[in-house]
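Structural overview for review
Spelled out, the chains give:
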Amino acid sequence: MGALPDRPAPTGREPAADPAATGTVAPGRARTAPDLPQRTLVWRRFRRNKLAVVGVLVLCALLLVSVFSEFLAPSTPSAYSAEHTYAPPQRLHFVDTEDGFDLGMYVYGYQVERDPDTLANTFTVDESVKIPVGLFVRGEPYEMWGLFPSDRHLIGAADPQQRVYLLGADRNGRDMASRLIYGTRVSMSIGLAGVALSFVLGLVLGGLSGYLGGRVDTAIQRVIEFLMSVPTIPLWMGLSAAVPRDWGPVQTYLAITVILSLIGWTDLARVVRGRFLSLRQEDFVTAARLDGCGTGRIIGRHMLPSFTSHIIASLTLAVPFVILAETSLSFLGLGLQAPVVSWGVLLQEAQNIHSIAGAPWLLLPGAAVTVAVLVLNFVGDGVRDAADPYR
Amino acid sequence: MRRYVIRRLLYMVPTLFAISVVAFLVIQLPPGNFLTAYIAQLSAQGQGVDSAQIRALEERYGLNDPVLVQYWRWISGIVLHGDFGQSFQYHREVSDLMWDRIGLTLVLALSTLLLSWLIAFPLGVYSAVRQYSLGDYAVTVVGFVGLATPNFMLALIFAWVSYRYFGQSVGGIVSREYADAAWNLGKVLDVVSNLWIPVLIIGTAGTAALIRVLRANLLDELRKPYVTTARAKGLPEWRVILKYPVRMSLSPFISTIGWILPTLVGGEVLVSIVLSLETTGPLLVEALRNQDMYLAGSVILVLGALTVIGTLLSDLLLAWWDPRIRHPHVERV
């Protein structure tokens, strides 16, 4: 490749995040858009989409929750308490005005009455009992990332003997907040892992299809059309029902991930193929070929960089599908199984109308799913719109 | 046109074959077969099963044959005699159990399709013509939330609301008093009155997607020079919009049959389980949980085949509607 002497030097001089750079540029200074590196242009356009920016923030929060679940959860997902069956959420108070004005978090205790006929507990707020809540308190012991034993929790009852249910409790008196936080880890990670696997499949097959064309293309396209015309949920259900019940949690997790990505790679493959087809005709690709570049180099160095942002967008938009699929399968009892906590597994508890009627907070994992999917869609849309800054 | 139809019909054959292979895989994949499950059930009931009896049963169902032979026997039974095999769980013919429910699934999917068209068309046109208006933002937000909420969550919320505030539990397409009645006007009206809620719930995601697509397409069309020409000629605004751009962007409505049908069938399965509707969904899940594999495989096979036929119909309709698809080579000139 010959040097290009009169091409303006890549202008990475101004920091990309400089707010002045995004504003109007004085006409005298030749800072036209094509001068800036692609990254900067994409970022500028992305930042203009407020929904997408908010989405990125919420997404980061969700990822942080998944990484530090053990520490952030007030308890552990398996710690149970028979007397707190379906305990309702406790409101967190920050200011104590009973005698004067005291700062400090606390919740009111429960007054439990047991119905002699149904043996169901009814909870009423007992304002005479105050359970102080603190930060960085000692509580249920856990192992951070399965490595470091600890018992510090970000938030929890100041006295380890007492229990606090900020989001209520489930059938076994387990803390919903903790379960939701642990579920975030499993559901988000299965979304990312499933998409990572689909990504490899989609990139390879879509790339082959688009670059080679001809018979390979026809064959791969037929497979994609087949997979897209089949109702996925029944198919997923059938395949995951075939996962042996006696497999351990990790094996089931991997098996479900594989099943989800086996069917989910099609969209990505289509995007990659379409890009390849349109780029194959471009002059710079012909130039590279005439320069004697090998296929690998043409794809890796010349074609891929021009559509990485499209791939990122498709990936972001694929994650919510995997999350929804996992939730649906687990909800039906065909996905992840009980000791593992995912949003779908949690929603299994909400299948019964009587338990929802008595404990509507069991639907909270569903809200988490909606938020995650919504946020990922916003981010994906933002990236997709920003991916092509010259348009 | 005829060549196009024939080509599409030929394409269908390998797809149907692939679906049958997948359905057969679903039957074969779980460890053991329905006989082991049957034997387990018999011994659980305290009946001993001797090995001669087992061998006789294996012989009868051809369980020791090579997989290819088993597949051939299964698929030829279905294609030639309409024999889907036995449901081990119900001790009945699979076809007896399945067809009623598949009928209801079809009714549900088709009415959902119609409803999502009815809702999406005016909303999509409105939010494209009045881009960035308050109404457009409202439609967009509702559409996004509709896309993001799993259908079964909506069903759960609906079930909870109707239980909590109206004191009735939901369930069933056919009300109890009509359960065994023959089909008459009363029963049809009853079904319709029970149907609209599940239809609305199943349709949310599809409707939201349809609005997005229609809006995007229409926005692209509205920017084209011929629209300006039409306006410059002095056509009234509604005519400018309805006469050309809307017609151009209607194609996604027809192709939805193809790409929404799989989603509808899947969504229907989940929603029906929550609302306990008598469709294929609960049947399939029950069958999968109990390893009643012939039933499960047959349901998957028939749902898949119906979807493929639906896709075919939508493709043909689209080709009839849009000459650019019938004659792809002409457009490129």
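Keep in mind that this is a model prediction, so the values were computed, not measured.

Attention now moves to the overall build of chain A. For chain A, the count of helices and strands is 15 helices and 4 strands. Residues counted as buried form 39% of the 391 residues belonging to chain A. Considering only contacts within chain A whose residues lie at least 6 apart along the sequence, 70% involve residues at least 24 apart.

All right, on to the overall build of chain B then. Looking only at helices and strands, chain B has 16 helices and 2 strands in total. Across the 333 residues that make up chain B, the buried fraction comes to 36%. Pairs at least 24 residues apart make up 73% of the contacts formed inside chain B by residues separated by at least 6 positions.

Contact with chain A, which involves 34 residues of that partner, is made by 41 residues of chain B. If you list the elements that add at least two residues to the side of chain A that touches chain B, you get α6 (214–229), α7 (232–241), α12 (308–331), α14 (353–358) and α15 (364–386) of chain A. Broken down by element, the side of chain A that touches chain B gets its largest block of residues, 8 residues, from α7(A). Split into classes, the residues belonging to the side of chain A that touches chain B amount to 24 nonpolar, 9 polar and 1 charged.

For helix α9 (residues 266–280) of chain A, built from 15 residues, the straight-helix expectation of 21 Å at 1.5 Å per residue is met to within 8% by its first-to-last C-alpha distance of 21 Å. Among the residues of α9(A), A:T266, A:L268, A:A269, A:R270, A:V271, A:V272, A:R273, A:R275 and A:F276 are the ones counted as buried.

A general tendency of soluble globular proteins is for nonpolar side chains to be buried together. Core analysis: the biggest nonpolar cluster contains 155 residues, and A:W236, A:M237 and B:V299 have the highest contact counts within it. No other element matches the 13 residues that α12(A) contributes to this core. Ignoring any residue separated from it by four or fewer positions in sequence, one finds B:V299 in contact with B:M98, B:T280, B:L283, B:L284 and B:A287.

Per-residue confidence for chain B gives a mean pLDDT of 77; residues scoring 70 or more make up 83%. Scored as a whole, the predicted complex attains pTM 0.76, and scored at its interfaces, ipTM 0.73.

Residue and element names in this part refer to chain A. By the bridge criterion, 8 bridges tie strand β3 (residues 121–144) to strand β4 (residues 148–157) in an arrangement that is antiparallel. When the sheet's bridge partners are listed, G134 is paired in β4 with G156. Counting the residues that bridge the hairpin from β3 to β4 gives 3 residues, and of these W145 lies at a positive phi of roughly 50°.

All names here are of chain A. Contact geometry for helix α2 (residues 38–48) and α15: axes closest at 8 Å, N-to-C directions at 130°. As far as their axial angle goes, α15 and α2 are oblique. Of the two possible hands of crossing, α2 and α15 adopt the one that is right-handed. Contacts between α2 and α15 involve V42, R45 and F46 on the former and, on the latter, G382, V383, D385 and A386. In terms of residue class, the contact of α2 with α15 is built from 4 nonpolar, 1 polar and 2 charged.

This part is about α6(A). Counted at 1.5 Å a residue, the expected span for α6(A) with its 16 residues is 22 Å, and the 23 Å between its end C-alpha atoms agrees. When α6(A) is considered as a whole, its buried residues turn out to be A:I220, A:I224, A:L227 and A:S229.

We now examine the confidence of the model for chain A. Residue and element names in this part refer to chain A. On average, residues of chain A score 76 in pLDDT, and 88% of them are at 70 or above. Mean pLDDT in chain A bottoms out at helix α1 (residues 19–22), which sits at 42, and peaks at helix α3 (residues 50–67), which reaches 87. Note that residues 1–30 has pLDDT below 50 and, in this model, 11 contacts with residues that lie over four places away or in other chains.

Residues and elements named next belong to chain A. Running from amino to carboxyl end, helix α10 (residues 283–290) crosses helix α11 (residues 295–303) at an angle of 140°, the nearest separation of the two axes being 10 Å. Of the possible angle classes, the one that applies to α10 and α11 is oblique. Along this stretch, α10 crosses α11, giving a crossing that reads as right-handed. Each of F284, V285, A288 and R289 in α10 lies in contact with α11, whose residues at this interface are I298, H302 and M303. In terms of residue class, the contact of α10 with α11 is made up of 5 nonpolar, 1 polar and 1 charged.

A few words now on the environment of B:L156. Mapping B:L156 onto the fold places it in helix α7 (residues 151–166). B:L156 gets classed as buried once you count the C-beta atoms within 10 Å, which come to 25. Excluding residues that lie within four positions of it along the chain, B:L156 makes contacts with A:A350, A:I356, A:L363, A:G366 and B:V274.

Residues and elements named next belong to chain A. With respect to the helices and strands, the residue L279 is situated in helix α9. Residue classification places L279 among the partly exposed positions, given that 19 C-beta atoms sit within 10 Å. Each C-alpha atom, one on L279 and one on F307, is 9.5 Å from the other, the two residues being 28 residues apart in sequence. When sequence neighbours within four positions are dropped, the list of residues in contact with L279 reads V285, M303 and S306.

Thresholds, definitions, all that
Residues numbered from 1 in each chain as written. Chains lettered and ligands numbered in written order. Predicted model: local features only at pLDDT ≥ 70, side-chain atom pairs only at ≥ 80, totals over all residues. Helix = DSSP H or I, 4+ residues; strand = E, 2+ residues; numbered from the N terminus. Buried ≥ 20, exposed ≤ 12 C-beta atoms within 10 Å, placed from the backbone. Contact = placed C-beta atoms within 7 Å. Nonpolar A, V, L, I, M, F, W, Y, C, P; charged D, E, K, R; others polar. Expected span 1.5 Å × (residues − 1). Core = buried A, V, L, I, M, F, W, Y, C linked by C-beta atoms within 7 Å. pLDDT = per-residue confidence, 0-100. Pairing = 2+ DSSP bridges. Axes fitted to C-alpha atoms, helices over the stretch in contact; angles between N-to-C directions. Parallel < 35°, antiparallel > 145°, perpendicular 65-115°, else oblique. Left-handed = near helix turned anticlockwise from the far one by under 90°.

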